[in-house]
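Descriptive structure summary
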Amino acid sequence: MEQTVIDRPAPPMSQADVAPARPAARVTISARFLLAIYAIVPICTLVMLWDKLFGNGTFFREDLPTSPESFFVFQLAFGTPHIIASAVILATNGEYMRAYWPRLLLFSLFLLLFFGVGSLFIPYDVFLAIVGAATVLHVIKQQVGVGKGICRLASWVYDAWGWTMIVFGSILYYAVYSSRGFSPTVATWVNCILIALALLIFALTVACHCRITTAKGRLYLWANAIMTLQSGLFYAADYSFLAILGPRLVHDLTAFTFYVAHDVNRHGATPRNLLYGAASKLRLGVFWVCPMVAIALTFLIGRYLDPFAELVITPVLGFAPTYSASFVVVGYLGMMHYYTEVFTWKHGSPYRQHLAMSA
């Protein structure tokens, strides 16, 4: 620490002469902003109507792939980046790693056993159903969890509403991603179950609406219900791309909102690790660090990990692995993301002290 040499004693300073330390400005997440993200939902509906009226229903229904993840450009912005961003926040903050490393180690061993040993005898359809249910559970739970604070409603009706949407979304996920399709009999049963669940979602939404006293809470409630039901409508109309696109964008943009707010509040005044310390030297703020690092890592994994693995791992093993290295890494990070998000953002966690929300 530098020392200041004083030639003569300085006069005593009064409290009025001492400027109080100004706390760093904190980012507050606005409920209005979170609601604005759901503008994606009616936009997707307008896209489908435009395609039917002016595109003969061919471009978004026949010429596009089933899932937006088929586009590498889309992967660079949504899906994988928000998973990697979550890992960046966890791995670059020593305080978080010290708090959660036993859980991370145990769950890593579980994934190794389940997907490693399980792949020898568990059918692909079962794996797809499990991964689909975990994905939908994560996506819907995030929106329902955020909604509890905005709706100011905690009751069995609200919980039943959330779980009904999870079951509906899980069946829809399997129906969209299953490459084998359904027989006519099974398809009829699936459609009947989806219709029944859709009616139940609508009824539970009305029941929750009557219990919520704020306008923003009711809007957020209906936004989630409409987003879920809309995906079912897109599936029925053979617009699988749009069925996945809406919830994917809403989920990822909501997640990045919390990640950026966390980073600004934690590292904005005084960076607490090397990553944000290096970024602070650019004097551009820290709000961009996590998203840009996540996108850069997504690009590197998608473009260079598989060629590197073929060059290094395949000669050692003597054969090409069944699954690509990028698939294994992203899959591991994805399942770890679903697991860690359950407890890292809960009330009272180290993460939450760096978050604030406004009505």
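Everything quoted here is computed from the prediction, not taken from an experiment.

The subject of this paragraph is the overall build of the chain. Along its length, the chain carries 14 helices and 2 strands. Classification of the 359 residues of the chain by burial places 43% in the buried group. Taking contacts inside the chain between residues at least 6 apart in sequence as the whole, the part at least 24 apart equals 76%. Accessible area of the chain: about 20400 Å², with a carbon and sulfur share of 69%.

Okay, the confidence of the model for the chain next. Looking at the chain, the pLDDT average stands at 83 and 87% of residues meet or exceed 70. Confidence, expressed as mean pLDDT per element, reaches its minimum in the chain at helix H4 (residues 72-77) with 69 and its maximum at helix H10 (residues 215-236) with 94. A low-confidence stretch, residues 1-23 stays under pLDDT 50, and its non-local contacts, those more than four residues away or across chains, total 1 contact.

In terms of nonpolar packing, the biggest core is built from 58 residues, with Leu34 and Leu242 touching the most fellow members. Counting residues per element, this core draws most heavily on helix H11 (residues 240-267), which supplies 12 residues. Residues within four places of leucine 34 in sequence aside, it is in contact with Ile29, Val146, Ile150, Tyr220, Thr254, Thr257, Phe258 and Met357.

For the rest of this paragraph, the subject is the packing of aromatic side chains. For the structure shown, the criterion picks out 15 aromatic pairs. Between tyrosine 339 and phenylalanine 343 the ring centres are 5.2 Å apart and the planes differ by 75 degrees, which places this aromatic pair in the edge-to-face class. Here the residue tyrosine 339 and the residue phenylalanine 343 both occupy positions in helix H14 (residues 325-344), the gap between them amounting to 4 residues, near one helical turn. Classification of phenylalanine 343 as buried rests on a relative accessible area of 10%. By way of ring pairs, the aromatic residues Tyr96, Tyr100, Phe107, Phe110, Phe114, Phe256, Tyr259, Tyr339, Phe343, Trp345 and Tyr351 are connected into one cluster. Sitting above the plane of the phenylalanine 343 ring, arginine 103 keeps its charged end 4.3 Å from the centroid.

Take the pattern of salt bridges next. Tallied over the entire structure, the rule returns 3 salt bridges. Of the charged contacts, one joins aspartate 159 and lysine 148 as a salt bridge, the two residues approaching to 3.3 Å between their closest N and O atoms. With aspartate 159 in helix H8 (residues 156-177) and lysine 148 in helix H7 (residues 124-151), the pair connects residues that are 11 residues apart, well separated along the chain. A relative accessible area of 35% means that lysine 148 is categorised as partly exposed. One salt bridge in this structure joins arginine 248 and aspartate 252, with 2.9 Å as the shortest N-O distance. Here arginine 248 and its partner aspartate 252 are both found in helix H11, 4 residues apart, which amounts to about one turn of the helix. The residues arginine 248 and aspartate 252 share a single accessibility class, namely buried.

Here we come to the side chain of glutamate 341. Within the element layout of this structure, glutamate 341 appears in helix H14. As a buried residue without a salt bridge, glutamate 341 has its nearest oppositely charged side chain in arginine 248, at a separation of 10 Å. Separated by 3.0 Å, the side chains of glutamate 341 and tryptophan 345 make a polar contact. In contact with glutamate 341, other than residues within four places in its own chain, are Ser86, His138 and Tyr259.

Next up on the list: unusual backbone geometry. At arginine 152, a position not held by glycine, the phi torsion is positive, near 55 degrees. By the element assignment, arginine 152 lies in the loop between H7 and H8. The exposed category is assigned to arginine 152, whose relative accessible area is 60%. One non-glycine residue with positive phi stands out, namely aspartate 238, at about 70 degrees. Relative to the elements of secondary structure, aspartate 238 occurs in the loop between H10 and H11.

Below, the discussion takes up the packing of H10 against H11. Two elements in contact, H10 and H11, have axes separated by 7 Å at closest approach and are oriented at 160 degrees. Accordingly, the angle class assigned to the pair H10 and H11 is roughly antiparallel. In the packing of H10 onto H11, the handedness of the crossing is left-handed. Only Ser240, Leu242, Ala243, Pro247 and Val250 of H11 make contact with H10, whose side of the interface consists of Met227, Ser231, Phe234 and Tyr235.

Moving on: helix H13 (residues 289-317). Maximal helix bending in H13 amounts to about 45 degrees, located at tyrosine 304; proline proline 307 follows within four positions. Burial in H13 covers these residues: Val289, Cys290, Pro291, Ala294, Thr298, Ile301, Asp306 and Ala309. A positive backbone phi angle near 85 degrees is found at glycine 318, which sits one or two residues after H13.

Scoring rules and cut-offs
Going along each chain's sequence as written, the residues are numbered from 1 onward. Under the rules for a predicted model, residues below a pLDDT of 70 receive no local features and side-chain atom pairs below 80 are neither given nor counted, while totals for whole chains, interfaces and linings still include all residues. The basis for every side-chain value is the complete set of non-hydrogen atoms in the structure, without hydrogens or water. Starting at the N terminus, helices and strands are each numbered in turn, a helix being any DSSP run of H or I of at least four residues and a strand any DSSP run of E of at least two. Residue burial is assigned from relative accessible area. The probe radius is 1.4 Å, only protein chains are included, and a residue is buried under 20% of its type maximum, exposed over 50%, and partly exposed in between. The contact criterion used throughout is that any non-hydrogen atoms of two residues lie within 4.5 Å. Using the Shrake-Rupley algorithm and a 1.4 Å probe, accessible areas are obtained, with residue cover drawn only from the displayed protein chains. Confidence per residue, as judged by the predictor, is encoded in pLDDT with a range of 0 to 100. Think of a nonpolar core as a cluster: buried Ala, Val, Leu, Ile, Met, Phe, Trp, Tyr and Cys residues, connected wherever their side-chain atoms sit within 4.5 Å. Each aromatic pair joins two rings of Phe, Tyr and Trp (for Trp, the six-membered one) with centres within 6.5 Å, and gets the label stacked for planes under 30 degrees apart, edge-to-face for over 60, and tilted for any other angle. Counting as a charge over the ring demands two things of the Lys NZ or Arg CZ atom: a distance within 6 Å of the ring centre and an angle within 35 degrees of the ring normal. Criterion for a salt bridge: a side-chain nitrogen of Lys or Arg within 4 Å of a carboxyl oxygen of Asp or Glu. The positive count covers Lys and Arg only, the negative count covers Asp and Glu only, and His and the chain ends enter neither. Polar contacts, as used here, are pairs of N or O atoms within 3.5 Å; protein pairs need one atom able to donate a hydrogen and one able to accept it. Residues neighboring in sequence count only if both atoms are side-chain atoms. Lines fitted to the C-alpha atoms define the axes, with helices restricted to the stretch that makes contact. Angles between their N-to-C directions range from 0 to 180 degrees. Every angle not falling under 35 degrees, over 145, or within 65 to 115 is termed oblique; those three ranges are roughly parallel, roughly antiparallel and roughly perpendicular. Crossings are sorted by hand: turned counterclockwise from the far helix by less than a right angle, the near helix makes the crossing left-handed, and turned clockwise it makes it right-handed. By definition, a residue's bend is the angle between the axes fitted to the seven residues ending there and the seven starting there.

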